[in-house]
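Here's the letter readout for the chains.
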Amino acid sequence: LAAIDTRWWLAKLPRLNTFDQLTDATRAALADIGQTRSWREGDVLQHAGVPATALLLVQQGRLRLVATSASGAEVLWPVVGPGKLVCLYSVVGGVPFHYTTSACEDCTVVHFEAGRLRALMECDAPVACDIARLLAKRFWGLMDERVEGHQASVAYRVYTALQYMA
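Keep in mind the model is a prediction, meaning the values are calculated, not measured.

Basis of the calculations
- Along every chain, residues carry numbers that run from 1 in the direction the sequence is written.
- Residues qualify for local features only when their pLDDT is at least 70, as the model is predicted, and side-chain atom pairs are given and counted only at 80 or more; totals for whole chains, interfaces and linings, by contrast, use all residues.
- Side-chain measures were taken over the full set of non-hydrogen atoms in the model, leaving aside hydrogen atoms and water.
- Strands here mean DSSP runs of E at least two residues long; helices mean DSSP runs of H or I at least four residues long; both are numbered from the N terminus.
- Note on contacts: a residue pair is in contact if any heavy atoms of the two residues lie within 4.5 Å.
- Note that accessible areas follow from Shrake-Rupley with a 1.4 Å probe, and for residues the cover is restricted to the protein chains shown.
- By convention a nonpolar core is built from buried Ala, Val, Leu, Ile, Met, Phe, Trp, Tyr and Cys residues, the set being connected through side-chain atoms within 4.5 Å.
- Residue burial is assigned from relative accessible area. The probe radius is 1.4 Å, only protein chains are included, and a residue is buried under 20% of its type maximum, exposed over 50%, and partly exposed in between.
- As a per-residue measure, pLDDT tells how confident the predictor is, with possible values from 0 to 100.
- The directions considered for the arc are those from the helix axis to the C-beta atoms.
- Here, a strand pair is defined by DSSP locating no fewer than two bridges between the strands.
- Convention adopted: a line fitted to C-alpha atoms gives each axis, helices being fitted over their contacting stretch, and angles between N-to-C directions are expressed from 0 to 180 degrees.
- Ring geometry is summarised as follows: Phe, Tyr and Trp rings, the Trp one being its six-membered ring, pair when their centres sit within 6.5 Å, and such pairs are stacked at plane angles under 30 degrees, edge-to-face over 60 and tilted between the two.
- As used in this structure description, the phrase polar contact means that two N or O atoms lie within 3.5 Å; if the pair is within protein, one of them must be able to donate a hydrogen and the other to accept it, and residues adjacent in sequence are counted only when both atoms belong to side chains.

Caption draft 1: Representation of the overall build of the protein chain. Secondary structure summary: the protein chain contains five helices and nine strands in total. Starting at the N terminus, the α and β elements of the protein chain follow one another as β-α-α-β-β-β-β-β-β-α-β-β-α-α. Partitioning the contacts of the protein chain with sequence separation of at least 6, the portion at a separation of at least 24 is 81%. When the accessible surface of the protein chain is totalled, it reaches about 9,700 Å², and 59% of it is carbon and sulfur.

Below is the structure:
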């Protein structure tokens, strides 16, 4: 099976979904509901195709995110390191997460249980707005990439057509 490598996004989207993008007040509120857990290399924290049970914050170590496309290709996300959040859209939206998330080395991860996070957002508007801003930035970044990818594919098609006509 061919692998689709998305590590190039790391340079384009270096700070999206990072804990430091949240305000001090939001980080403090999240600290009250977080549970720190240790994971060994190879442990699976989240399976693809099911809603995430917790928002994950990598404190130490790295996580690997892998999915399988409809065509059977393995889709690799950049390795997720300290300060990065994983599963945010799935926890907030209650929708399936696309990637199987596993520890690629021994790591420490803070888990913000989905129900507790959603309850916090329902009762604390500034926290909800802060998380919504983070999701909006993420969505913007993905749409920006989609537009750039489309432009590249249009340019490639024009180039190919011109070569064919020449």
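Alright, that's what it looks like, and here's the rest.
Caption draft 2: Structural view of the nonpolar core. If you look at the biggest cluster of nonpolar residues, it comprises 38 residues, and the most contacted ones within it are Leu30, Leu63, Leu65, Val86, Phe112 and Leu117. Contributing elements (two or more residues each) for this core: α2 (24–31), β4 (54–60), β5 (63–68), β7 (85–86), α3 (88–93), β9 (107–113), α4 (114–123) and α5 (125–165). Setting aside its immediate chain neighbours within four residues, Val86 contacts Ala54, Leu55, Leu56, Leu63, Leu65, Val80, Phe97 and Thr101.

Caption draft 3: Representation of the confidence of the model for the protein chain in the model. For the protein chain, the mean per-residue pLDDT works out to 83, and 76% of the residues sit at or above 70. Every residue in residues 6–15 scores below 50 in pLDDT, and together they form 22 contacts with partners more than four places removed in sequence or on other chains.

Caption draft 4: Quick look at α2. Taken as a whole, α2 has its buried residues at Thr26, Ala29 and Leu30. Projected onto a plane normal to the axis of α2, the buried residues spread over an arc of 100 degrees and lie on a single side. Away from the buried face of α2 by more than 90 degrees, exposed residues Asp24, Ala25 and Ala31 are located.

Caption draft 5: Here's a closer look at the pairing of β5. The sheet contact formed by β5 and strand β8 (residues 100–103) spans four bridges and is antiparallel. Each residue of the ladder has a partner; that of Arg64, found in β8, is Ser102. Connecting β5 to the antiparallel partner strand β6 (residues 74–76) that follows it, the hairpin turn spans five residues, and Gly72 within it adopts a positive phi of roughly 95 degrees.

Caption draft 6: The sheet that holds β9, seen in detail. One open sheet holds the four strands; their spatial order is β2-β9-β4-β7, and the pairing between them is antiparallel. Each edge of the open sheet is held by one strand with a lone partner, namely β2 (34–39) and β7. Along the sheet, α4 contacts β4 and β9; its crossing angle with β9, the most-contacted strand, is approximately 55 degrees.

Caption draft 7: Representation of unusual backbone geometry in the model. The phi dihedral of Cys87 falls on the positive side, at around 80 degrees, and the residue is not glycine. When its relative accessible area of 3% is taken as the criterion, Cys87 is described as buried.

Caption draft 8: Main features of the packing of aromatic side chains. Taken as a whole and assessed by the stated rule, the structure comprises three aromatic pairs. Seen from their ring centres, Tyr89 and Phe97 are 5.5 Å apart, and the 35 degrees between their planes marks the pair as tilted. We classify Tyr89 as partly exposed; its relative accessible area is 32%. An aromatic cluster is built from Tyr89, Phe97 and Tyr99, whose rings are joined through pairwise contacts.

Caption draft 9: View of the side chain of Thr26. Residue placement: Thr26 occurs in helix α2. A polar atom in the side chain of Thr26 sits 2.8 Å from the side chain of Asp130. Excluding its chain neighbours within four sequence positions, the residues that come into contact with Thr26 are Pro126, Val127 and Asp130.

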